Amino acid sequence: MNPNATEIVSDDPQDLPAPACVMSFNASDATGAGGVAGDIATIAAMGAHALPVISTIVMRDTAEIFEHTPLDPETVVEQARSVLEDVTISAWKVGFLGNAEIVGAVAEILSDYPDVPLVTYLPTLSWMDDEDEAASYHEALRELVLPQTEVLVGNQKTLTDFLLPDWDSERPPSARELAIAAGKHGTKYVLVTGLQLPNNQVDNVLSSPQGAITGEKFERFETSFIGAGDTLSASIAALMATGQELHIAVSEALAFLDQSLDSGFRPGMGNVVPDRFFWAIPPDDEDEDGEDIIDAMTADIDSPTKPRSIH
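Only a predicted model underlies this, so the values are computations on that prediction, with no experimental measurement involved. (Residues numbered from 1 in each chain as written. Predicted model: local features only at pLDDT ≥ 70, side-chain atom pairs only at ≥ 80, totals over all residues. Heavy atoms only, no water.)

**Focus: the overall build of the protein**
Right, so step 1: Each helix and strand counted, the protein has 9 helices and 10 strands in total.
Right, so step 2: For the protein, the residues scored as buried account for 47% of the 311 residues in total.
Right, so step 3: By element, 50% of the accessible surface of the protein is carried by carbon and sulfur atoms, the whole surface being about 15700 Å². (Helix = DSSP H or I, 4+ residues; strand = E, 2+ residues; numbered from the N terminus. Buried < 20%, exposed > 50% of the residue type's maximum accessible area, 1.4 Å probe, protein only. Areas by Shrake-Rupley, 256 points an atom, 1.4 Å probe, with all protein chains shown as cover.)

**Observations regarding the packing of helix α3 (residues 100-111) against helix α4 (residues 131-145)**
Right, so step 1: For the pair α3 and α4, interaxial distance at closest approach is 8 Å and the crossing angle is 15 degrees. Judged by the angle between their axes, α3 and α4 are roughly parallel. Here α3 runs over α4; the crossing is right-handed. Here Ala100, Val103, Gly104 and Ala107 of α3 come into contact with α4, specifically with Ser136, Tyr137, Ala140, Leu141, Leu144 and Val145.
Right, so step 2: Classifying every residue of the contact of α3 with α4 gives 8 nonpolar, 2 polar and no charged. (Axes fitted to C-alpha atoms, helices over the stretch in contact; angles between N-to-C directions. Parallel < 35°, antiparallel > 145°, perpendicular 65-115°, else oblique. Left-handed = near helix turned anticlockwise from the far one by under 90°. Contact = heavy atoms within 4.5 Å. Nonpolar A, V, L, I, M, F, W, Y, C, P; charged D, E, K, R; others polar.)

**Description of unusual backbone geometry**
Right, so step 1: Positive phi, normally seen in glycine, also occurs at Asn199, with a value near 60 degrees.
Right, so step 2: Within the element layout of this structure, Asn199 appears in the loop between β7 (189-197) and β8 (201-208).

**Focus on the pattern of salt bridges**
Right, so step 1: Taken as a whole and judged by the stated rule, the model has 6 salt bridges.
Right, so step 2: Linking Asp39 and Lys93 is a salt bridge whose minimum nitrogen-to-oxygen distance equals 2.7 Å. Pair noted here: Asp39 is in helix α1 (residues 35-45) and Lys93 is in strand β4 (residues 91-94), with a separation of 54 residues, a long-range link. Here the two residues Asp39 and Lys93 agree in accessibility, since each one is buried.
Right, so step 3: Across the salt bridge formed by Asp161 and Lys157, the nearest N and O atoms sit 2.6 Å from each other. Highlighted residues: Asp161 and Lys157, both in helix α5 (residues 156-163), separated by 4 residues, approximately one helical turn.
Right, so step 4: By relative accessible area, Asp161 is classed as partly exposed at 42%. (Salt bridge = Lys/Arg side-chain N within 4 Å of Asp/Glu carboxyl O.)

**Side note on helix α2 (residues 73-84)**
Right, so step 1: With 12 residues, α2 should reach 16 Å at 1.5 Å per residue; the first-to-last C-alpha distance of 17 Å fits that figure.
Right, so step 2: Among the residues of α2, Val76, Val77, Ala80 and Leu84 are the ones counted as buried. Down the axis of α2, the buried side of the element spans an arc of 95 degrees, and every buried residue falls inside it.
Right, so step 3: Along its buried surface, α2 packs onto β1 (21-29), β2 (49-60), β4 and α3. (Expected span 1.5 Å × (residues − 1). Arc of directions from axis to C-beta.)

**Description of the pairing of strand β3 (residues 65-70)**
Right, so step 1: The sheet contact formed by β2 and β3 spans 5 bridges and is antiparallel. Bridged to Arg60 within β3 is Ile65. (Pairing = 2+ DSSP bridges.)

**So, the packing of helix α7 (residues 228-241) against helix α8 (residues 246-262)**
Right, so step 1: Running from amino to carboxyl end, α7 crosses α8 at an angle of 140 degrees, the nearest separation of the two axes being 8 Å. By the angle between their axes, α7 is oblique relative to α8. For the element pair α7 and α8, the recorded crossing hand is right-handed. Residues Ala228, Thr231, Leu232, Ser235, Ile236, Leu239 and Met240 of α7 form the contact with α8, whose participating residues are Leu246, Ala249, Val250, Glu252, Ala253, Leu254, Phe256, Leu257 and Leu261.
Right, so step 2: The class makeup of the residues in the contact of α7 with α8 is 13 nonpolar, 2 polar and 1 charged.

**A word on the side chain of Ser24**
Right, so step 1: Locating Ser24 in the fold gives a position in strand β1.
Right, so step 2: In this structure Ser24 comes out as buried when scored by relative accessible area, which is 1%.
Right, so step 3: Side-chain polar atoms of Ser24 contact the side chain of Asp39, separated by 2.5 Å.
Right, so step 4: Setting aside its immediate chain neighbours within four residues, Ser24 contacts Asp39, Leu51, Pro52, Val53 and Lys93. (Polar contact = N/O pair within 3.5 Å; in protein donor to acceptor, adjacent residues only side chain to side chain.)

**Digging into the environment of Asp262**
Right, so step 1: The residue Asp262 is located in helix α8 in this model.
Right, so step 2: The class for Asp262 is partly exposed, based on a relative accessible area of 33%.
Right, so step 3: On a C-alpha basis, the gap between Asp262 and Asp275 in space is 8.2 Å, while along the polypeptide they are 13 residues apart.

**Quick word on the pairing of β4**
Right, so step 1: Because side chains alternate across β4, one face comprises the buried residues Ala91 and Lys93, and the other comprises Trp92 and Val94, equally buried.
Right, so step 2: Where β1 meets β4, 4 bridges bridge the pair, whose relative direction is parallel. Across the sheet, Met23 pairs through a bridge with Trp92, a residue of β4.
Right, so step 3: Examined bridge by bridge, β4 and strand β5 (residues 118-121) share 3 bridges and lie parallel to one another. Counterpart to Val94 in the pairing with β5 is Thr120.
Right, so step 4: Between the parallel elements β4 and β5, the chain passes through α3 in a crossover that is right-handed. (Right-handed = clockwise from strand over helix to strand, strands pointing away.)

Structure follows, in structure tokens:
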């Protein structure tokens, strides 16, 4: 050993640097398709560490949502504050928060860390029976969370209803028009998914109010799935947490989602769940004729819109 050496090298894995940490505020979804369960799987698959904070408990199966039970806002706050006093985070992910009161509580936490990038996912609330509840939730999200959001992620139809409720043109708004509307609330970028194109294709476009930045076109397949939006937004947050530039993070996240859906499985009688660990499954052996053995779990995917890369 060099007597002048001052650097100490440890073989203890506990002394190695921790992965980037992403705090996710989302619902508890017992199907494992979305919510905090989906975020945990996605963030882990991207090489980061998830810090899941439950906002509401969703009762659902793989086909539909029945109802939800929001937690007390103070319970949500205590979950987050307890961890934040101990762990340094590198990104936020916000999913479904439950109600306007929880939105306000979460927004107050976010405001204490203005330099941490926030990815907000906007799921559809069409399953809610109480229209006033959905309206107050959206209003709180617009006023309190969008001003702190770096990237807002959502389907074109959902984003239009949320950002441009009075849109009356026969054509749907472009990604730039949605980004302009979001920008009025303080959001920097919008990732619009599900833009319909000719020839059975869909586009996914990241845009600022100044114009489109990047995007990926996919072929449209008739397959119903759940958890795609949470997968896409959580993967963007994880990649940004690890230091990726936004346009690269979005491109890699879209490719990751595409492969997760392509390897998706149907655990119940409802929709297909993304397989976020498709890369960890060894390739199928070939049979005597040289043809790949088809996994029975993915062979019967026949049911809206499974994107598949066309490049």
